[in-house]
Amino acid sequence: MPTSNFPASGKRRNLLIATAGAAAATLLSPMRALAQGYPERPITFICPWPAGGTADQSMRALCQVASRTLGQAIAVENKVGASGMIGTKAMASAKADGYTIGQIPISVTRFSQLGTLQLDPLKDLTYLARTSGQTFGIATPADSRFKSLQEVVAFAKANPGKLTYAHAGIGGATHVGMEEFAMAAGIQFNHVPYKGGAEALQAVLGGHVDLLADSSSWAPHVEAGKLKLLATWGERRTARFKDAPTLKELGYNVVVDAPNGIGAPKGMDPAIAKKLRDAFRIAVASPEFKQVADRIDAPVLYLDGPDYEKYVAGIYQKETVLIDRLKLKELMKS
């Protein structure tokens, strides 16, 4: 007696489907096993900034906590140069096996469009977590004639292009942020680029430049009474410098916090990416990271990988407009 109502051809068809499914499962099983066993050896984390700097400090704190969650060491390797783009390119060019990850400066959205970075941030990276921002501000020597940002704006309007400011390089966050503020205020500065924030700071302390546009390199000098902090660029005032207003509350719709993030090369196994996302989510929420973030005035701005990727896409569009309005491509060539 037949045990099925299906004809013989139907049985063969079902057998073929079952065989194909088993074959696919066999092919996928090594990938699944790889993801389940990950990580089986130490992970390399590429930081595109010098050792000891604020970005390096925050990334090392995150890696220390994430390594405990993952059960493997995370070795931080500093690959510096080209405003963070050398390290970013090295990370993006690595094998997408989860054993090379790194920091993604948000400036990839700008430098990729300027041609400094041969990489498409919307296609060539796996985004794992946005972590924290930076506290930028405008400072001037303590004995400067300017007591407030309003006085700076008034002088600049009466003397277009006469006021100078130091920044850490053409196309970087401090240069673009200051020029965005100048456009909002309807004024014109004379910008003076330096090789980094440390050189820009020394130029202002030495009285060679009127203003400093930088992240919190000015902080200890403001506390020591050598510099005056005229404004910060974040969404709200910082706890450490409560007396300094934000650009936004002064009437200029400019917010610059240049969030740092963590990513990996494109094509990573989603299961491995999920393990890394979970590990860094825990790390960002840890007291160890909060302690470092507070010390370097870095606001915690966590986003999980998918939301971080959407954020980067939005910033990319904003940078497209700014590059055109500020004529950054022409400046880079000059």
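Further up the page is the structure itself.
Residues numbered from 1 in each chain as written. Predicted model: local features only at pLDDT ≥ 70, side-chain atom pairs only at ≥ 80, totals over all residues. Heavy atoms only, no water.

Just checking my understanding: could you explain the overall build of the protein chain for this structure?
Across its full length, the protein chain carries twelve helices and eleven strands. Of all 334 residues assigned to the protein chain, the portion counted as buried reaches 49%. When contacts within the protein chain are restricted to residue pairs at least 6 apart in sequence, long-range pairs at least 24 apart make up 76% of them. Summed over its atoms, the accessible surface of the protein chain is roughly 16100 Å², and 55% of this surface lies on carbon and sulfur atoms. (Helix = DSSP H or I, 4+ residues; strand = E, 2+ residues; numbered from the N terminus. Buried < 20%, exposed > 50% of the residue type's maximum accessible area, 1.4 Å probe, protein only. Contact = heavy atoms within 4.5 Å. Areas by Shrake-Rupley, 256 points an atom, 1.4 Å probe, with all protein chains shown as cover.)

Help me understand the sheet that holds strand β9 (residues 227-232) in this model?
Sheet strands pair via backbone hydrogen bonds, and the direction of the pair is either parallel or antiparallel. The strand order across the open sheet formed by five strands is β7-β6-β8-β5-β9, and the pairing between neighbours is mixed. In this open sheet, the two edge strands, each paired with only one partner strand, are β7 (190-193) and β9. Going across the sheet, the axis of each strand differs from the next one's by a mean of 30 degrees, ignoring polarity. Note that strand β5 (residues 137-141) and β9 share five bridges and pair antiparallel. Directly across from G137, in β9, lies its bridge partner T232. Lying on the sheet, helix α6 (residues 173-185) is in contact with β5, β6 (164-167), β7 and β8 (211-214); it crosses β6 at an angle near 150 degrees. Across the sheet, helix α7 (residues 197-205) touches β5, β6, β8 and β9, and the angle it forms with β8 is around 160 degrees. (Pairing = 2+ DSSP bridges. Axes fitted to C-alpha atoms, helices over the stretch in contact; angles between N-to-C directions.)

Is there a simple way to explain the sheet that holds strand β11 (residues 300-304) in this structure?
The sheet built from six strands is open, its strands ordered β2-β1-β3-β10-β4-β11 with mixed pairing. If you trace the sheet from one side to the other, it starts and ends with β2 (74-78) and β11, each paired once. Within the sheet, the average angular offset between the axes of one strand and its neighbour, ignoring direction, is 30 degrees. By the bridge criterion, four bridges tie strand β3 (residues 100-105) to strand β10 (residues 260-265) in an arrangement that is antiparallel. Residue pairing for β10: I104 is matched across the bridge by G261.

I tried to follow the packing of aromatic side chains on my own but got confused; where do I start?
Under the criterion given, the structure shown has nine aromatic pairs. Ring geometry for F146 against F155: centres 5.5 Å apart, planes inclined by 75 degrees, an arrangement best described as edge-to-face. Residue class for F146 comes out buried when judged on its relative accessible area of 5%. Taking the centre distance of 5.4 Å and the plane angle of 70 degrees together, the rings of W218 and F241 count as edge-to-face. In this pair, W218 is assigned in the loop between β8 and α8 (219-223) and F241 in the loop between β9 and β10, connecting sequence segments 23 residues apart. For W218, a relative accessible area of 0% puts it in the buried group. Three or more aromatic residues link up through ring pairs in this structure, and these residues are Y165, F181, F189 and Y252. The cationic tip of R110 hangs over the ring face of F111; the distance from NZ or CZ to the ring centre is 5.7 Å. Over the ring of Y311 we find R130; its NZ or CZ atom is 4.5 Å from the centre of that ring. (Phe/Tyr/Trp six-rings, centres within 6.5 Å; stacked < 30°, edge-to-face > 60°. Lys NZ or Arg CZ within 6 Å of the ring centre and 35° of its normal.)

Would you mind showing me how to read the side chain of E179 here?
The residue E179 is located in helix α6 in this model. One buried charged side chain, E179, makes no salt bridge at all; its nearest oppositely charged neighbour is R325, positioned 10 Å away. Side chain to side chain, E179 and Y165 meet in a polar contact 2.7 Å long. When neighbours within four sequence positions are excluded, E179 is seen to be in contact with Y165, H191 and L326. (Lys, Arg positive; Asp, Glu negative; His and termini not counted. Salt bridge = Lys/Arg side-chain N within 4 Å of Asp/Glu carboxyl O. Polar contact = N/O pair within 3.5 Å; in protein donor to acceptor, adjacent residues only side chain to side chain.)

Please explain helix α11 (residues 305-325) as it appears in this structure.
Because each turn of an α-helix spans 3.6 residues, side chains separated by three or four positions end up pointing in the same direction. With 21 residues, α11 should cover 30 Å at 1.5 Å per step; its first-to-last C-alpha distance of 30 Å lies within 8% of that length. K327 sits one or two residues past α11 and shows a positive phi near 55 degrees. (Expected span 1.5 Å × (residues − 1).)

Where do I start with α7 in this structure?
Where α7 is concerned, the buried positions are G197, A200, L201, A203 and V204. Looking straight down α7, one finds its buried side chains confined to an arc of 160 degrees; they lie on one side. Where α7 is buried, its residues touch β5, β6, β8, α8 and β9. Of the residues flanking the end of α7, it is G207, one or two places downstream, whose phi is positive at about 80 degrees. (Arc of directions from axis to C-beta.)

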